[in-house]
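Geometric and topological summary
Here are the chains, one letter per residue:
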Amino acid sequence: MLRFDGLDWTVQEIQAEHGRFLVRSASGAVESRTFRWLMFHPDCRVVSSVVVKDPRSGQLAVRTDLTSEQQDRLHIRLAHALEAETGFRSGDPCRRAPGEPRPAYDPEQTALTQRRRTKVAELAALGAEELAVLGLANLSERTLRRLAAAWRTEGFAGCVDGRWLRAGGGHPSISEPVREAIFAVRAESLHRSRMSMRAKDRLIHQYVLEKHGPEVTIPSYDTLRAVWSEWFGPGGARQRYVRSAAAVDTGITYVVVHRPGQVVALDTTVLPVKVRETVFGDPVSVHLSLALDVYTHSLVAFRLTLVSDTSVDIAMVLRDVMMPLPMRDGWGEDMEWPYPGVPAAVVAEFAGHRVAGLPFFSPETVTTDHGSVYKNHSLVQAERELGCNILPARVLRPTDKQAVERAFGAIRSLLFEELPGYTGVDVADRGVDPESDAVLTISQMEHKIATWIVQIWQNRALGEYAPAWGPGEQHSPNTLFAAAMSQGGVSLQIPDPQLYYRLLKPHYVDIHGRRGVKISGLWYWGPALPDGSKPSTRGGKHKGKWLIRSDRRDRRMVFFQDENTSEWHTLRWNGLPPEGEVPAFSSITADELLRQVRRRGLSPHSDAELLPVLLELLGADIPVDAWPTRMSKTQRTSTARQAAQGDAARNDRELAPPPTTTRGRWWRCDGLNRPATPRTPSTPNDAIAVSKQCRRGRGHQADWESAYAAPACWSYPTRTNKTTPWKLE
């Protein structure tokens, strides 16, 4: 086919003796042209009339596509064609077999056409069955020419019998109406409860009958089942998961990670090793939260929590990613900062302590799953405070954060399986009694994991993973981070110690003149708290409100930042005794405390009335029958969890600058200048009864209440402008 003058012309006839040819256009017009005209035409070109297959839509045949029998037949088939072309069955005179060339195929004595005719006669003598096996039935000189041309252009694949690698014909019985019915039933089955393939088959028949009539032929049940499996998978999953997966866009988007900190993946799982709360405590399960740098595969931060992780825990994990890991007792020089370019002494001077060999940086993008703790608005606000982009993984697509998922499996096989108390992958693989085998405490487990990460994981070869600039090289997380430092440098930027307070949950509240601030149902006060008559200078959405931050893991105190000095001050719960006398309690315990008070019909005027209820909940003031040695395992575990959360909050606060706190004792000016001596009721019920009696006017206020909170008729010691019958020692 030729194209000139903007039209396509088909060559109809060639008149070689006259030097002319006839062409026909699509409209049927016939013209005669000369070869000279064709050679010198400026806009004439050849257009292929054969549809060329897109090479991306299919793959070329390879030798392994054939069975061993077909490969032997191909070898014989090719040897016959090459002997006719070259006189040698291998096609190369340098690799001639014994007795080659045969006289009838000697290239010095015979012509190519003569050898082809000889080969046709030789193969015809074999018989029709032998030729059919070789795929050379009805062999002719033209067949030999075609095989030789295919060998030169495509190699052995050109000599393969097309019937050997014929593609499947699909399902011709699936007509367009049937295809429409299959997709309609697919959409309906996602909406309904799970159904069998037989039910889907009947729905397909119903759809075709009602929409297209009885004249449409419907394939058999076996064909429909095979087509359903090919198009939508074999099934077997739960209906809710199938429905969720079908609702997700399956478009593929690639994110090329090329520097440390570009993407940090977070995930949490139950630690597969039973640990003990203390050396003599009960065996419990803890949760392990990991932060993995996707580029270097470094485990840049982790955290163990006795209870399920909260948004505060994950926010502190992100803060740990930005903080250099201090060297610990027992760690040698081989575990110190090893990366070239920045000496360990410089990093230690910059951080204020010796730094272990673990990368630290500011995360740019954080990838998590759709767990409630990761979708919590407090964590989202903390990530924005850190300047992180939030990139949640797609629903039911664990491959979006496969690196951290695989890290859990690697830690399990490399470390956890060797520890006593290992619980296995599931209950079926569990040992006889892993609880009794548990010997490690939570702190010991945390130290062991930290040591293993710095000493083993960071120096372990990454196997199949390699960077884009070195796909054939072997690297460890440390070598990848060192290479990244050499390529783009490193930013030794350690966050402000006050970052801990900025990551806590904010509360915008008013200040009550005598009670302080109310945070989640509890009242807090401190000497640094401004007078309630003084409004805040804050504007905007929270105009006139004061910002208070709380750590839900420890509800004994909240934190207030002075507007003038920017110092952080601790506001303790009203009526709280000196530190250490009341265990830590979380927001869950605080909610239970308020429910207990409401059930008892109290509307306390002072938070001191809540203290006995809290002591009862935490087990600090309980009868003999509820001593720790007589408490149930569930009660002991609950108490230990509250203490663990308080310890975690205290450890995080130790990295921040200590808030300013003014402590003192109340003195009662009764002329003797003596401190009021508290008399605590023997039980919480006695305390509540005395409090009720006080409020109803049947008696005086109890002395034990005056030791924990100032009565309404007395003033606070910071108000020097009023008559102060109390003073602070």
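No experiment lies behind these values; they were computed from the predicted model shown.

Focus: the overall build of the protein chain
- A tally of regular secondary structure across the protein chain gives 22 helices and 21 strands.
- Of all 729 residues assigned to the protein chain, the portion counted as buried reaches 41%.
- The long-range share in the protein chain, meaning contacts at least 24 apart out of those at least 6 apart in sequence, stands at 64%.
- Of the accessible surface of the protein chain, which amounts to about 40,700 Å², a share of 51% is contributed by carbon and sulfur atoms.

Some remarks on the packing of aromatic side chains
- Applying the stated criterion to the full structure yields 14 aromatic pairs.
- Judged by centre distance (4.9 Å) and plane angle (65°), the rings of Trp228 and Phe232 are edge-to-face. A residue pair is termed a helical-turn pair when its members lie 3 or 4 positions apart in one helix, as Trp228 and Phe232 do in helix H8 (residues 221-232) at 4 residues.
- Looking at Trp228, the relative accessible area reads 7%, which means it is buried.
- Plain terms: the ring middles of Trp231 and Phe232 are 6.4 Å apart, the flat faces sit at 90° to each other, and that makes the pair edge-to-face.
- Since its relative accessible area comes to 36%, Trp231 is described here as partly exposed.
- An aromatic cluster is present here, built from Phe183, Trp228, Trp231 and Phe232 joined pairwise through their rings.
- Over the face of the ring belonging to Trp37 we find Arg33, whose NZ or CZ atom lies 4.5 Å from the ring centre.
- Across from the ring centre of Tyr221, 3.6 Å away, lies the NZ or CZ of Arg198, which sits over that ring.

Focus on the sheet that holds strand S5 (residues 45-46)
- Here 5 strands make up an open sheet; going across it, the order is S4-S3-S2-S1-S5 and the pairing antiparallel. Every other strand in the sheet has two partners, leaving strand S4 (30-34) and S5 as the edge strands with one partner each.
- As defined by bridge partners, strand S1 (residues 2-4) adjoins strand S2 (residues 7-15) across 3 bridges and the pair is classed as antiparallel. Residue pairing across strands places Leu2 opposite Trp9, the latter belonging to S2.

Some details on a nonpolar patch on the surface
- Together, Val11, Ile14 and Phe35 line one region of the surface with nonpolar side chains, adding up to about 250 Å² of accessible area.
- Along the chain, Phe35 falls in helix H1 (residues 35-40).
- The exposure class assigned to Phe35 is partly exposed, which follows from its relative accessible area of 31%.

Quick word on the pattern of salt bridges
- Per the stated rule, a full pass over the model turns up 24 salt bridges.
- A salt bridge links Glu83 to Arg89, with the nearest nitrogen and oxygen atoms 3.4 Å apart.
- In this structure Glu83 comes out as buried when scored by relative accessible area, which is 1%.
- The class for Arg89 is partly exposed, based on a relative accessible area of 34%.
- Arg225 is the partner of Asp222 in a salt bridge, and the nearest nitrogen-oxygen pair spans 3.7 Å.

Describing the side chain of His475
- Position of His475 among the secondary structure elements: in the loop between helix H15 (442-455) and helix H16 (477-488).
- At 3.4 Å, the side chain of His475 forms a polar contact with the side chain of Thr479.
- With residues up to four places along the chain from it excluded, the contact list for His475 reads Arg460, Ala461, Leu462, Pro467, Trp469 and Leu480.

Quick look at the packing of helix H10 (residues 311-322) against helix H12 (residues 377-386)
- One way to put it is that H10 packs onto H12 with a least axis distance of 9 Å and a crossing angle of 20°. Here H12 runs roughly parallel to H10, going by the angle between their axes. Every pair of crossing elements has a handedness; the one defined by H10 and H12 is right-handed. Taking contact as the criterion, the partners of Ser311, Ile314, Ala315, Leu318 and Met322 in H10 are, on H12, Ser378, Leu379, Ala382, Glu383 and Leu386.
- A class-by-class count of the residues in the contact of H10 with H12 yields 7 nonpolar, 2 polar and 1 charged.

Observations concerning the sheet that holds strand S11 (residues 365-367)
- The strand order across the open sheet built from 5 strands is S10-S9-S6-S11-S12, with neighbouring strands paired in mixed fashion. Pairing within the sheet leaves two strands with one partner each, and these edge strands are strand S10 (299-305) and strand S12 (389-390).
- The sheet contacts of helix H13 (residues 402-414) involve strand S6 (264-270), strand S9 (287-293) and S10, and relative to S9 the element is tilted by about 125°.

Section: helix H3 (residues 112-124)
- In this model, H3 (13 residues) spans 18 Å end to end at C-alpha, consistent with the 18 Å of a helix rising 1.5 Å per residue.
- The complete set of buried residues in H3 reads Arg115, Arg116, Lys119 and Leu123. On an axial view of H3, the arc spanned by its buried residues comes to 100°, and they lie on one face. For H3, the exposed residues set more than 90 degrees away from the buried face come down to Arg117, Ala121 and Ala124.
- For H3, the secondary structure elements touched by its buried residues are helix H2 (68-86), helix H4 (128-134) and helix H5 (141-154).

Some remarks on the packing of H3 against H5
- Following both chains from N to C, one finds H3 and H5 inclined at 115°, their axes separated by 9 Å at the closest point. One way to sum up the angle between H3 and H5 is to call them roughly perpendicular. Judged by the twist between their axes, the crossing of H3 over H5 is right-handed. For the pair formed by H3 and H5, the contact residues are Thr113, Arg116, Arg117, Lys119 and Val120 on the first element and Glu141, Leu144 and Arg145 on the second.

Criteria and cut-off values
By convention here, each chain's residues receive numbers from 1 onward along its written sequence. The predicted nature of this model means local features are confined to residues of pLDDT at least 70 and side-chain atom pairs, given and counted, to a pLDDT of 80 or more, with totals for whole chains, interfaces and linings taken over all residues. Side-chain figures throughout are based on the complete set of non-hydrogen atoms in the structure, without hydrogens or water. Each helix is a run of H or I in the DSSP string that is no shorter than four residues. Each strand is a run of E no shorter than two, and both are numbered from the N terminus. Each residue's exposure class comes from its accessible area (1.4 Å probe, protein chains only) as a fraction of the maximum for that residue type: buried when under 20%, exposed when over 50%, partly exposed otherwise. Residues count as neighbours in contact if any of their non-hydrogen atoms are within 4.5 Å of one another. Note on areas: Shrake-Rupley with a 1.4 Å probe; residue coverage comes only from the protein chains shown. The pairing test for Phe, Tyr and Trp rings, Trp by its six-membered ring, is centres within 6.5 Å, and the orientation test on the planes gives stacked under 30 degrees, edge-to-face over 60, and tilted for anything in between. Over a ring means this: the NZ of a Lys or the CZ of an Arg is within 6 Å of the ring centre and within 35 degrees of the ring normal. Any two strands with at least two DSSP bridges between them are considered paired. Patch membership requires more than 30% relative accessible area and the absence of a salt bridge. Residues of like charge join within 9 Å; the nonpolar side chains Val, Leu, Ile, Met, Phe, Trp and Tyr join within 5 Å. Note on definitions: salt bridges are taken to be side-chain nitrogens of Lys or Arg within 4 Å of carboxyl oxygens of Asp or Glu. Whenever two N or O atoms come within 3.5 Å, that pair is a polar contact, provided that in protein one can donate a hydrogen and the other can accept it, and provided that, for residues adjacent in sequence, both atoms are side-chain atoms. Convention adopted: a line fitted to C-alpha atoms gives each axis, helices being fitted over their contacting stretch, and angles between N-to-C directions are expressed from 0 to 180 degrees. Any angle that is under 35 degrees is reported as roughly parallel, and any over 145 degrees as roughly antiparallel; angles of 65 to 115 degrees are reported as roughly perpendicular and all others as oblique. Handedness of a crossing follows from how the near helix is turned relative to the far one, being left-handed for an anticlockwise turn of less than a right angle and right-handed for a clockwise one. We call Asp, Glu, Lys and Arg charged. Ala, Val, Leu, Ile, Met, Phe, Trp, Tyr, Cys and Pro are nonpolar, and the rest, Gly among them, are polar. Helices are assigned an expected span. That span is 1.5 Å times one less than the residue count. Relevant arc is that of directions from the helix axis to the C-beta atoms, nothing else.

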